[in-house]
Amino acid sequence: MWDSTFDETLRSYLPFLPAEEALTAETPLREYGLDSLATVELLSVLEQSYNVRFEDEALNLETFENPGRLWSTLAGLQPTS
């Protein structure tokens, strides 16, 4: 599962997700308010927070479909320790 930074960051871009509702791997991000402008902003914040750079092939609607996919993509960009 993802860390608290990811959870808090993502929630801040989902205006229609109630605070008491769980953010699951399958939560449909667009249905909860992630529009194209918010996606660009979220991408920038995630790159800064995790010190990564999303590759061009990751910049598609599928990557931002749900938290599970987005976290998987983000985790794949992070160096292994």
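Residues numbered from 1 in each chain as written. Predicted model: local features only at pLDDT ≥ 70, side-chain atom pairs only at ≥ 80, totals over all residues. Heavy atoms only, no water.

Colleague: Mind showing me how you'd approach the overall build of the protein chain here?
Modeller: Within the protein chain, the regular secondary structure consists of 3 helices and 0 strands. Each helix and strand of the protein chain, ordered N terminal to C terminal, gives the series α-α-α. In terms of overall size, the protein chain behaves like a compact globule, its C-alpha atoms giving a radius of gyration of 12 Å where 81 residues would be expected to give roughly 12 Å. Expressed as lengths along the three principal axes of its C-alpha atoms, the size of the protein chain is roughly 35 × 25 × 20 Å. In the protein chain, buried positions account for 38% of the 81 residues. A sequence separation of at least 24 residues applies to 49% of the contacts in the protein chain between residues at least 6 apart. Just so you have it, the protein chain exposes about 5,100 Å², and 50% of that area is on carbon and sulfur atoms. Each charge sign in the protein chain was given a centre, from 4 positive and 15 negative side chains, and these centres are 2 Å apart. (Helix = DSSP H or I, 4+ residues; strand = E, 2+ residues; numbered from the N terminus. Rg over C-alpha atoms; globule rule 2.2 N^0.38 Å. Buried < 20%, exposed > 50% of the residue type's maximum accessible area, 1.4 Å probe, protein only. Contact = heavy atoms within 4.5 Å. Areas by Shrake-Rupley, 256 points an atom, 1.4 Å probe, with all protein chains shown as cover. Lys, Arg positive; Asp, Glu negative; His and termini not counted. Charge placed at Lys NZ, Arg CZ, Asp CG, Glu CD.)

Colleague: What's the story with helix H3 (residues 67–77) in this structure? I'm lost.
Modeller: Within an α-helix, residues lying three or four positions from one another point in the same direction, as the helix has 3.6 residues per turn. Listed as buried for H3 are Pro 67, Leu 70, Trp 71 and Leu 74. Each buried residue of H3 lies within a common arc of 95° when the element is viewed along its axis, so the set occupies one face. Contact partners of the buried residues in H3: helix H1 (4–11) and helix H2 (36–50). The N-cap residue of H3 is Asn 66: its side-chain oxygen and the backbone nitrogen of Gly 68 are 3.1 Å apart. (Arc of directions from axis to C-beta. Polar contact = N/O pair within 3.5 Å; in protein donor to acceptor, adjacent residues only side chain to side chain.)

Colleague: Can you help me understand the packing of H1 against H2 in this one?
Modeller: Helix packing geometry: the angle between the two helix axes and the distance between the axes. Interhelical geometry of H1 versus H2 gives an angle of 160° and a closest axis separation of 11 Å. Relative to H2, the element H1 is oriented roughly antiparallel. Here H1 and H2 pass one another in a crossing that is right-handed. Contact residues: H1 offers Thr 5, Phe 6, Thr 9 and Leu 10, while H2 offers Leu 42, Val 45, Leu 46 and Tyr 50. Looking at the contact of H1 with H2, its residues break down into 6 nonpolar, 2 polar and no charged. (Axes fitted to C-alpha atoms, helices over the stretch in contact; angles between N-to-C directions. Parallel < 35°, antiparallel > 145°, perpendicular 65-115°, else oblique. Left-handed = near helix turned anticlockwise from the far one by under 90°. Nonpolar A, V, L, I, M, F, W, Y, C, P; charged D, E, K, R; others polar.)

Colleague: Mind showing me how you'd approach the packing of aromatic side chains here?
Modeller: The relation between two aromatic rings is expressed through the spacing of the ring centres and the mutual angle of the planes. All chains considered together, the criterion is met by 4 aromatic pairs. Both rings, one in Trp 2 and one in Phe 6, keep their centres 5.4 Å apart while their planes meet at 55°; by these two values the pair is tilted. Phe 6 shares its class with Trp 2; the two are buried. Plain terms: the ring middles of Tyr 50 and Trp 71 are 5.9 Å apart, the flat faces sit at 75° to each other, and that makes the pair edge-to-face. In this pair, Tyr 50 is assigned in helix H2 and Trp 71 in helix H3, connecting sequence segments 21 residues apart. Comparing Tyr 50 with Trp 71, the two get one shared label, buried. Clustering of aromatic rings is evident, with ring pairs tying together Trp 2, Phe 6, Tyr 50 and Trp 71. (Phe/Tyr/Trp six-rings, centres within 6.5 Å; stacked < 30°, edge-to-face > 60°.)

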